[in-house]
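# Examining the three-dimensional arrangement
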Amino acid sequence: MTVTKEESGQEGADDKGDMTGGGDGYVPSQRRIEREAYKRARSRRATAIGALSTLLTGVVLYVVVVNAPGWPRTKETFFDWGYAREAFPKVLEGLWLNVRLLLICGAAVLVLGMLIAVARTLRGPVFFPLRVLAAAYTDFFRGLPLIINLMIVVLGVPALRLQGVTVDPVLLGGTALTLTYSAYVAEVFRAGIESVHPSQRAAARSLGLTNRQALRYVVLPQAVRRQVPPLLNDLVSLQKDTGLVSIGGAIDAVRAADIIVGRSLNYTPYIVAGLVFVALTIPMTRFTDWVTARMDRQRAQGGSL
């Protein structure tokens, strides 16, 4: 049986539609219209099922919590509207300190993390001591719990009574945050640098660039683009951990809530502070998800960020 060219192209024509609609442009075929309508119907059905299941889950959780034996006491202790109104403006005032710490420490972490990552990837025996120091730094501060690091820096440094060394808990807390997070960010940058194929560096060298120029203009730009999502995740974590500087007495959002709790013995201010941090974190988290999805789409299409 012989299939003619016209017959073999009929199915493709059905999907592509009619391109000869009197110059009016593309006219979709009936098959394509039905397929798109089916996809829209499935999407609406999936959305409805998801909304319904979420609503049912919320109702079940609400019924279980409200009917718990200790709910009245819990509601009075953690969800008192009067204490929430009292705590909210003070928590917001303290939150400004957390935001400043995020901006300053975030910039310092990126710079220090990049320097440590570059030091760990330097080639040649002459740089061996530098590589060892960089590796020891990342191993130590990644292994040391952040809360212990904060206590050592915030409480230990003033005890030394060193001349010219600050005892400000905000500065010392920011230093501790920078020391810890730069170790994590350094490993992120190092993973990005090592993910760049050696042929990229070789091609740059063949064009006359020095090792330093190849690293600056060829390797680092690709490494940073590839590591944007994990870097943003580290910044989200840093944003939350800025609340730990309160252990040194700094009046941030957490400490402001703690002062009210110590006076009233009601824990509602902690709930207020937690919700404020959640509201501050969600936009950055969604931005991170958007960047990650965008990079995945471009990687699938063979493009670059």
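Residues numbered from 1 in each chain as written. Predicted model: local features only at pLDDT ≥ 70, side-chain atom pairs only at ≥ 80, totals over all residues. Heavy atoms only, no water.

The next thing to look at is the overall build of the protein chain. When you go through the protein chain residue by residue, the secondary structure sums to 13 helices and zero strands. Secondary structure elements of the protein chain occur, N-terminal to C-terminal, as α-α-α-α-α-α-α-α-α-α-α-α-α. For 305 residues, the compact-globule estimate of 2.2 N^0.38 gives 19 Å, and the protein chain exceeds it by more than 25% at 29 Å. Seen through its principal axes, the protein chain has C-alpha atoms that stretch 95 × 70 × 35 Å. Here the protein chain holds 305 residues, and 31% of them are scored as buried. Sequence separation of 24 or more characterises 69% of the internal contacts of the protein chain that already satisfy a separation of 6 or more. (Helix = DSSP H or I, 4+ residues; strand = E, 2+ residues; numbered from the N terminus. Rg over C-alpha atoms; globule rule 2.2 N^0.38 Å. Buried < 20%, exposed > 50% of the residue type's maximum accessible area, 1.4 Å probe, protein only. Contact = heavy atoms within 4.5 Å.)

It is characteristic of soluble globular proteins that their nonpolar side chains tend to be buried jointly. Counting residues in hydrophobic clusters, the biggest one holds 33 residues, and the most contacted among them are Val118, Phe189, Ile193, Leu220 and Leu238. Where this core is concerned, the elements lending two or more residues are helix 5 (81-121), helix 7 (146-160), helix 8 (169-195), helix 10 (211-226), helix 11 (228-241) and helix 13 (268-300). Those residues in contact with Ile193, other than ones at most four positions away along the chain, are Ala117, Val118, Thr121, Val219, Leu220 and Ala223. Core analysis: the next-biggest nonpolar cluster, separate from the first, contains 11 residues, Val91, Ala257, Val272 and Phe277 among them. (Core = buried A, V, L, I, M, F, W, Y, C linked by side-chain atoms within 4.5 Å.)

Our focus in this paragraph is the environment of Arg255. Looking at the secondary structure, you find Arg255 in helix 12 (residues 253-264). With relative accessibility at 29%, the residue Arg255 sits in the partly exposed group. When the C-alpha positions of Arg255 and Leu130 are compared, they lie 40 Å apart, and in sequence the two are 125 residues distant. Every residue in contact with Arg255, bar those within four places of it in the chain, is listed here: Ser246 and Ala250.

The subject of this paragraph is the packing of aromatic side chains. Tallied over the full model, the rule gives seven aromatic pairs. For the pair Trp71 and Phe79, a centre-to-centre distance of 6.0 Å together with 40° between the ring planes defines the contact as tilted. Judged by centre distance (4.7 Å) and plane angle (50°), the rings of Tyr137 and Phe141 are tilted. Linking Tyr137 with Phe141, this pair stays in helix 6 (residues 128-143), spanning four residues, or about one helical turn. Phe141 shares its class with Tyr137; the two are buried. Clustering of aromatic rings is evident, with ring pairs tying together Phe78, Tyr267 and Tyr270. (Phe/Tyr/Trp six-rings, centres within 6.5 Å; stacked < 30°, edge-to-face > 60°.)

Bringing a nonpolar patch on the surface into the picture now. On the surface, Leu52, Leu55, Leu56, Val59, Tyr62 and Val63 cluster together into a nonpolar patch covering about 600 Å² of accessible area. With relative accessibility at 41%, the residue Val63 sits in the partly exposed group. (Patch = residues over 30% accessible without salt bridge, like charges linked within 9 Å, V, L, I, M, F, W, Y side chains within 5 Å. Areas by Shrake-Rupley, 256 points an atom, 1.4 Å probe, with all protein chains shown as cover. Salt bridge = Lys/Arg side-chain N within 4 Å of Asp/Glu carboxyl O.)

The tally for this structure, following the rule as stated, stands at eight salt bridges. Ionic pairing is found between Glu194 and Arg190, a salt bridge with its closest N-O pair at 3.2 Å. Taken together, the residues Glu194 and Arg190, both in helix 8 and four residues apart, mark about one turn of the helix. Salt-bridge contacts for Asp289 lead to Arg286; the nearest nitrogen and oxygen are separated by 2.5 Å. Residue Asp289 and its partner Arg286 are both found in helix 13; the two are separated by three residues, about one turn of the helix. Overall, the relative accessible area of 37% leaves Asp289 in the partly exposed class. Overall, Arg286 belongs to the partly exposed group, its relative accessible area being 47%. Within the structure, one salt-bridge network assembled from shared partners comprises Arg120, Arg142, Glu187, Arg190 and Glu194.

Between the first and last C-alpha of helix 12 there are 17 Å, a value that for 12 residues agrees with the 16 Å anticipated at 1.5 Å per step. What helix 12 keeps buried is the set Ala253, Ala256, Ala257, Ile260, Val261 and Ser264. One face of helix 12 carries all of its buried residues, which in axial projection span an arc of 135°. Just past helix 12, the residue Leu265 takes up positive phi, approximately 60°. (Expected span 1.5 Å × (residues − 1). Arc of directions from axis to C-beta.)

Now for unusual backbone geometry. A positive phi angle, near 55°, is found at Arg161, a position not held by glycine. Structurally, Arg161 is set in the loop between helix 7 and helix 8. A positive phi angle is found at Leu265, which is not glycine, with a value near 60°. Here Leu265 is to be found in the loop between helix 12 and helix 13.

With 90% of its residues at a pLDDT of 70 or more, the protein chain shows a mean pLDDT of 84. The element-level mean pLDDT for the protein chain is lowest in helix 1 (residues 5-8), coming to 47, with helix 6 highest at 93. Note that pLDDT drops below 50 for residues 5-16; the model gives that stretch 13 contacts with residues more than four away or on any other chain. (pLDDT = per-residue confidence, 0-100.)

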